[in-house]
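An overview of the molecular structure
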There are 2 protein chains.
Amino acid sequence: MGRNHQVYGGGGGTMSRGWSCLFYLLVFLTEILLFGVLILSLVWVYLFKDGFAWRDDIQRQFNLHPVLMITGFIFLMGNAMLVYRLFRCCNKLASKLLHTFLYLLAVPCIVVAMIAVFDNHNLREPPIPNLYSLHSWLGLITMGLFGLQFVVGFFSFWILLCCEQGTSSFRSNMLPIHSTFGIITFMLAIATSLTGYTEKAFFDL
Amino acid sequence: MGRNHQVYGGGGGTMSRGWSCLFYLLVFLTEILLFGVLILSLVWVYLFKDGFAWRDDIQRQFNLHPVLMITGFIFLMGNAMLVYRLFRCCNKLASKLLHTFLYLLAVPCIVVAMIAVFDNHNLREPPIPNLYSLHSWLGLITMGLFGLQFVVGFFSFWILLCCEQGTSSFRSNMLPIHSTFGIITFMLAIATSLTGYTEKAFFDL
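Residues numbered from 1 in each chain as written. Chains lettered and ligands numbered in written order. Predicted model: local features only at pLDDT ≥ 70, side-chain atom pairs only at ≥ 80, totals over all residues. Heavy atoms only, no water.

Turning to the UniProt feature "transmembrane region" (unreviewed entry) in chain A, a few remarks are in order. Residue and element names in this part refer to chain A. With numbering aligned to this structure, UniProt lists the feature "transmembrane region" (unreviewed entry) at residues 21-47, 67-87, 99-118, 138-163 and 175-197. This span, residues 21-47, is 100% helix and 0% strand, and a straight line between its end C-alpha atoms measures 38 Å. Segment residues 138-163 splits into 77% helix and 0% strand. End C-alpha atoms: 38 Å apart. (UniProt positions renumbered as here; feature names shortened; annotations may be inferred. Helix = DSSP H or I, 4+ residues; strand = E, 2+ residues; numbered from the N terminus.)

As annotated in UniProt, the feature "domain: Cytochrome b561" (unreviewed entry) corresponds to residues 29-205 of chain A in the numbering used here. The distance separating the terminal C-alpha atoms of residues 29-205 of chain A is 32 Å; by composition the span is 81% helix and 0% strand.

On to helix α5 (residues 134-157) of chain A, then. Helix length check: α5 of chain A (24 residues) gives 33 Å between terminal C-alpha atoms against 34 Å at 1.5 Å per residue, within 8%. All of the buried residues along α5 of chain A are His135, Ser136, Leu138, Gly139, Thr142, Leu145, Phe146, Gln149, Gly153, Ser156 and Phe157 of chain A. Check the buried side of α5 of chain A and you find it contacts α3 (64-86), α4 (92-122) and α6 (164-203) of chain A together with α6 (164-203) of chain B. (Expected span 1.5 Å × (residues − 1). Buried < 20%, exposed > 50% of the residue type's maximum accessible area, 1.4 Å probe, protein only. Contact = heavy atoms within 4.5 Å.)

A separate point is the interface of chain B and chain A. Taken together, the contact pairs 13 residues of chain B with 13 residues of chain A. Looking at the side of chain B facing chain A, the largest losses of area belong to Leu194, Thr198 and Phe202 of chain B, adding up to 46% of the total buried there. Applying the counting rule to chain B against chain A returns 0 salt bridges. Among the secondary structure elements, those contributing two or more residues to the side of chain B that touches chain A are α5 (134-157) and α6 of chain B. Of the residues that constitute the side of chain B that touches chain A, the class distribution is 9 nonpolar, 3 polar and 1 charged. (Buried area = accessible area lost by both parts, 1.4 Å probe. Salt bridge = Lys/Arg side-chain N within 4 Å of Asp/Glu carboxyl O. Nonpolar A, V, L, I, M, F, W, Y, C, P; charged D, E, K, R; others polar.)

This paragraph deals with the confidence of the model for chain A. Residue and element names in this part refer to chain A. Across chain A, pLDDT averages 88, with 93% of residues at or above 70. Across chain A, the element-wise mean pLDDT spans from 41 in strand β1 (residues 6-8) up to 95 in α5. In the predicted structure, residues 1-12 sits below a pLDDT of 50 and forms 18 contacts with residues beyond four places in sequence or in another chain. (pLDDT = per-residue confidence, 0-100.)

It is worth spelling out the relation of the copies chain B and chain A at this point. Note on the identical chains: chain B maps onto chain A by a rotation of 180 degrees and an axial translation of 0.0 Å, with an RMSD of 0.0 Å. Here the two chains are linked by the operation of a two-fold rotation axis. In this assembly the copies share their binding face: 100% of the residues contributing to the interface of chain B also contribute to that of chain A. (Least-squares fit on C-alpha atoms with pLDDT ≥ 70 in both.)

What follows covers the packing of α3 of chain A against α6 of chain A. All names here are of chain A. The contact between α3 and α6 brings their axes to 10 Å, and the two run at 150 degrees. In this view, α3 runs roughly antiparallel relative to α6, as classed from their interaxial angle. Crossing of α3 over α6 shows left-handed handedness. On α6, the residues touching Ile70, Phe73, Ile74, Met77, Gly78 and Met81 of α3 are Gly182, Ile183, Thr185, Phe186, Ala189, Ile190, Ser193 and Tyr197. Classifying every residue of the contact of α3 with α6 by side-chain character gives 10 nonpolar, 4 polar and no charged. (Axes fitted to C-alpha atoms, helices over the stretch in contact; angles between N-to-C directions. Parallel < 35°, antiparallel > 145°, perpendicular 65-115°, else oblique. Left-handed = near helix turned anticlockwise from the far one by under 90°.)

With that out of the way, let us pick up the packing of aromatic side chains. Residue and element names in this part refer to chain A. This structure, assessed with the given rule, holds 18 aromatic pairs over all chains. Ring geometry for Trp44 and Tyr197: centres 6.1 Å apart, planes at 70 degrees, overall edge-to-face. On the criterion of sequence distance, the pair formed by Trp44 in helix α1 (residues 17-48) and Tyr197 in helix α6 is long-range, its members being 153 residues apart. Taken together, the ring pairs in this structure connect Phe73, Tyr103, Phe146, Phe150 and Phe154 into an aromatic cluster. (Phe/Tyr/Trp six-rings, centres within 6.5 Å; stacked < 30°, edge-to-face > 60°.)

Right under this line is the structure:
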């Protein structure tokens, strides 16, 4: 295959121009979906649910929960996963830094979203019990996996860089495990969102 | 690696004994989950929902919907996907036949489960509207993909066997597409089940 039919594919691979076009089309569609779900969540809360609040109005405080969870678990995590796909030609370390930064941004979103829903349950008169639904348990498992991924990933791919040569085979063995568990966590986040939206729809019926 | 450290891995590959043990352990755990979800659904319907009926009692007719959908989309589809993993050493054509047979068994389960839920909505006084929830639309998309997979798979991997040599490269190109869409359909089926269980739990609250 001639040089003009190949583009740099990153990760040691090359793609023909046709596959590369299809690949970037899929990445572009994924970005539209990621931005779409975030924008639609904001539109939903602002146009139909009276926006946000904190403590003084627990009904509007709750609205922070879906929007911030979608921001953390879908928008930021999805984009963090796409970093290695979007910037295939760029410096690997810069991509890794951006990947970690996006995950770091997701952490406060998830923490505030958690506080919002616990407040909404506990500050009511009478309080609603916590963690009684499929959604909440799926959410807990997703958060557990997210935390585990974060800690193990940070240790394996940043801390162990201190002796780069000695840990390279360990790091390359960890990579497929880290990315597989990343995809599983993302799938669980999607399943949790779907059950969450279903719950919300049926509470509002 | 000595011969006694390798086992036949099927699909042209071999695995070391350690990986093979881990592999079959994972397959075994998956089987436990597949049988578990089916048995728990049956226990739930028989012990807490008064079993099944047809037309004369639409409340009990509805119970056919979750059980048969789980049977078709999770139990049979999951086992059909596992056939190529369980019988790695066996004749490929026999595995393909079993894979097709399990999918064929899933079709009547899904059709009856669909009729059960439409009857439950339409035969009520007053009738409930159909297809208004996230669960129902996810279910429709899953069924559409299932049908598409079935038709395209049957054409590609059975009909095109009539001129085996001429179509071998097409069939081997189709294989990763077919298995990827199979996994996507299975994931969608799981997401649909989760939203379905959430709906049912909130209707019964």
